[in-house]
Amino acid sequence: MGWDAPFMKFPIIETKRLILRNLHSHDSPVIYSYLSKKEVMKYYDREQLSSLKEAEELIDSLLFRYQTRNQIRWGITLKGEKEIIGTCGFHSLEEEHLKGEIGYDLHPAYWRKGIMSEAVRALVEYGFREMNFNRIEALYSPLNYGSKKVLEKNGFKEEGILRKRFFIKGKYMDAVLCAVLQENKRGAL
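This report concerns the structure included in the present document. (Residues numbered from 1 in each chain as written. Predicted model: local features only at pLDDT ≥ 70, side-chain atom pairs only at ≥ 80, totals over all residues. Heavy atoms only, no water.)

## Side note on the pattern of salt bridges
Next up, step 1: Enumeration according to the criterion identifies 11 salt bridges in this entry.
Next up, step 2: Glu57 is the salt-bridge partner of Lys53, the closest N and O atoms lying 3.0 Å from each other. Placement of both Lys53 and Glu57 in helix 4 (residues 52-67) is noted, with a separation of 4 residues, approximately one turn of the helix.
Next up, step 3: A salt bridge links Glu95 to Arg69, with the shortest nitrogen-to-oxygen separation between them at 3.9 Å. With Glu95 in the loop between strand 4 (84-94) and strand 5 (99-106) and Arg69 in the loop between helix 4 and strand 3 (72-78), the pair connects residues that are 26 residues apart, well separated along the chain.
Next up, step 4: Residue Arg69 is classed as partly exposed on the basis of its relative accessible area of 31%. (Salt bridge = Lys/Arg side-chain N within 4 Å of Asp/Glu carboxyl O. Helix = DSSP H or I, 4+ residues; strand = E, 2+ residues; numbered from the N terminus. Buried < 20%, exposed > 50% of the residue type's maximum accessible area, 1.4 Å probe, protein only.)

Written out as structure tokens, the structure is:
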């Protein structure tokens, strides 16, 4: 399909249990409900949300970044449900290098149910098949074992530690850089 297709019409991705769809302003109360939780934002590179207005602004920012071809972020819904339970997508897109960085978040009521692994698997397949990525990267806190597990299940290999990569909540934090390459996933797709 190539780099342009996802930016002409927002792609909907379907898995066994999930529908990944575009975000809307009416998703802001749900986004606020979980991105305002300390446990969700513990390893995030920003502070937890403190108002519904911040959730609205976050969605506006994600939609703008999609319109300017800098990011594509899906809302995660369970099949048959309209309300999102998290988000996932590609940011730090580099068309000249056919590379994107994956990111995601999930309401804690849905943790440890394989949902994010399923969503990430769908994104990796989409990135390689439809966007012709050569490389998909991810960064996560060395203390975020849940995220490490999700990425390992989807073929990401650790490449190193970026020391003091983020300044979060008043202190510097390390980040693990990992990636999956198209040549390593080709047979699995």
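## Here we look at the packing of aromatic side chains
Next up, step 1: This structure, assessed with the given rule, holds 7 aromatic pairs.
Next up, step 2: Relative to Phe90, the ring of Trp74 lies with its centre 6.2 Å away and its plane at 80°, an arrangement referred to as edge-to-face. Of this pair, Trp74 sits in strand 3 while Phe90 sits in strand 4; the two residues are 16 residues apart in sequence, bridging distant segments of the chain.
Next up, step 3: Judged by its relative accessible area of 0%, Trp74 is buried. (Phe/Tyr/Trp six-rings, centres within 6.5 Å; stacked < 30°, edge-to-face > 60°.)

## Quick notes on the packing of helix 2 (residues 28-35) against helix 4
Next up, step 1: For the pair helix 2 and helix 4, interaxial distance at closest approach is 8 Å and the crossing angle is 115°. One finds that helix 2 runs roughly perpendicular with respect to helix 4. For the pair helix 2 and helix 4, the crossing hand works out as right-handed. Contact residues: Ser28, Pro29, Ile31, Tyr32 and Leu35 in helix 2; Leu52, Ala55, Glu56, Leu58 and Ile59 in helix 4. (Axes fitted to C-alpha atoms, helices over the stretch in contact; angles between N-to-C directions. Parallel < 35°, antiparallel > 145°, perpendicular 65-115°, else oblique. Left-handed = near helix turned anticlockwise from the far one by under 90°. Contact = heavy atoms within 4.5 Å.)

## Brief notes about the nonpolar core
Next up, step 1: With 37 residues, the main nonpolar core has Leu20, Trp74, Ile76, Phe90, Ile102, Ile136 and Phe156 as its most contacted residues.
Next up, step 2: Contributions of two or more residues to this core are made by strand 2 (18-22), strand 3, strand 4, strand 5, helix 5 (115-129), strand 6 (135-140), helix 6 (145-153) and strand 8 (171-181).
Next up, step 3: Among the elements that line this core, the one with the most residues is helix 5, at 9 residues.
Next up, step 4: Dropping the residues within four chain positions of it, Phe156 is found in contact with Ile102, Val120, Val124, Ile136, Glu137, Ala138, Leu151, Cys178, Ala179 and Val180.
Next up, step 5: Residues Leu23, Ile31, Leu62 and Ile84 belong to the second largest nonpolar core, which totals 14 residues. (Core = buried A, V, L, I, M, F, W, Y, C linked by side-chain atoms within 4.5 Å.)

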